[in-house]
Amino acid sequence: MIKTRSGREQALAEREKLFVEATRQQLCNEGLLGIQMAAIARSCNFATGTLYHHFASKEDLLIAVCTELTGTRQEYFRRVAESELSTRDKMLGFAVAYTLFAQHHPEHFRLEQYVMTEVVWLASSTHRREQLMEATMPIGRMVESVVVDAINKGELEDHGLAPLTFSSGQWAMSMGMHTLINAEGVLDVYALNDPYRMLMRHIQLQLNAMNWQPVVSDPFDDAALDAKVKMLCETLFGDLCSEHSCIKLDKSGGCDA
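Residues numbered from 1 in each chain as written. Predicted model: local features only at pLDDT ≥ 70, side-chain atom pairs only at ≥ 80, totals over all residues. Heavy atoms only, no water.

Colleague: Help me get a handle on the pattern of salt bridges, residues and values and all.
Modeller: Going through the model one piece at a time under the given rule, you end up with 13 salt bridges. When the shortest N-O distance is used, the salt bridge between R78 and E82 registers 3.9 Å. The partly exposed category is assigned to R78, whose relative accessible area is 24%. D226 serves as the salt-bridge partner of R197, at 2.9 Å between the closest nitrogen and oxygen. With R197 in helix α11 (residues 195-209) and D226 in helix α12 (residues 222-237), this pair connects stretches of sequence that are 29 residues apart. Through salt bridges that share partners, D194, R197, R201, D222 and D226 make up one connected network. (Salt bridge = Lys/Arg side-chain N within 4 Å of Asp/Glu carboxyl O. Buried < 20%, exposed > 50% of the residue type's maximum accessible area, 1.4 Å probe, protein only. Helix = DSSP H or I, 4+ residues; strand = E, 2+ residues; numbered from the N terminus.)

This is the structure:
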């Protein structure tokens, strides 16, 4: 028997969604430091106490926004996972998907970094943390399925390890590089003006180190790397990026939101 929501439950859910969307808009307009519970409640024509009835703290509210945006990120990854690309190209495709999502939704990347800090994560409720972790699980499963497929096809040796151990390094590199890109001035100090190219190249190098077939003969061939990323963009995200507004493998490039 299917359990349906009561009218009150439906109203609460719709109000919570309203608060989440208002917070997302405030994030875009004011940034993380500009988030104010009273202002969010006021923008939705509710008392601040009503907002706290849904979210016990600002930390809970921010995690709820991050959870909502994670659903959108899933769609970028799903395009990669469900494509006909080789398993190796899919792994690079996941990095492209994450980069495009970060460029289309910069508020999500900054928020995700923020809510994962100890001071925010531990101040939030277990319920909200579990909701976020549940929302991210499908992404992990998509990546895991590609690794398993590669192992089954003989394109990657498992070495007796769990599948996700082969993608954790790529995840860390993607998160780390985007952190550096968003820390204004940090890369400039070292004249590192092509962070996206560095990211994609390091992923190719890592896949080569794991002997993930087919091995790329020259990961330092910039023309070949440019062509590969262009192919992935056109194949997977052609409707999201025009010819002149997709990933460029330098700091100045990027998709329009």
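Colleague: So what about the environment of E84? Which residues, and what values?
Modeller: With respect to the helices and strands, E84 occurs in the loop between α4 (58-81) and α5 (87-104). Considering only alpha carbons, one finds E84 and T235, 151 residues apart in sequence, at a separation of 9.8 Å.

Colleague: Lay out a nonpolar patch on the surface in plain terms, naming residues and giving numbers.
Modeller: The grouping of V189, Y190 and L192 at the surface amounts to a nonpolar patch, some 330 Å² of accessible area in total. Here V189 lies in helix α10 (residues 186-189). Here V189 falls in the exposed class, since its relative accessible area comes to 63%. (Patch = residues over 30% accessible without salt bridge, like charges linked within 9 Å, V, L, I, M, F, W, Y side chains within 5 Å. Areas by Shrake-Rupley, 256 points an atom, 1.4 Å probe, with all protein chains shown as cover.)

Colleague: Account for the packing of aromatic side chains, naming residues and giving values.
Modeller: For the structure on display, the rule yields five aromatic pairs. Between the aromatic rings of F77 and F94, the centroid separation amounts to 5.4 Å while the plane-to-plane angle is 15°, which identifies the pairing as stacked. Taken together, the positions of F77 in helix α4 and F94 in helix α5 put the pair 17 residues apart, joining distant regions of the chain. Relative accessible area serves as the criterion here: at 6%, F77 is assigned to the buried category. Relative accessible area serves as the criterion here: at 3%, F94 is assigned to the buried category. Where Y98 meets F109, the ring centres are 6.4 Å apart and the plane angle is 75°; that geometry is what we call edge-to-face. (Phe/Tyr/Trp six-rings, centres within 6.5 Å; stacked < 30°, edge-to-face > 60°.)

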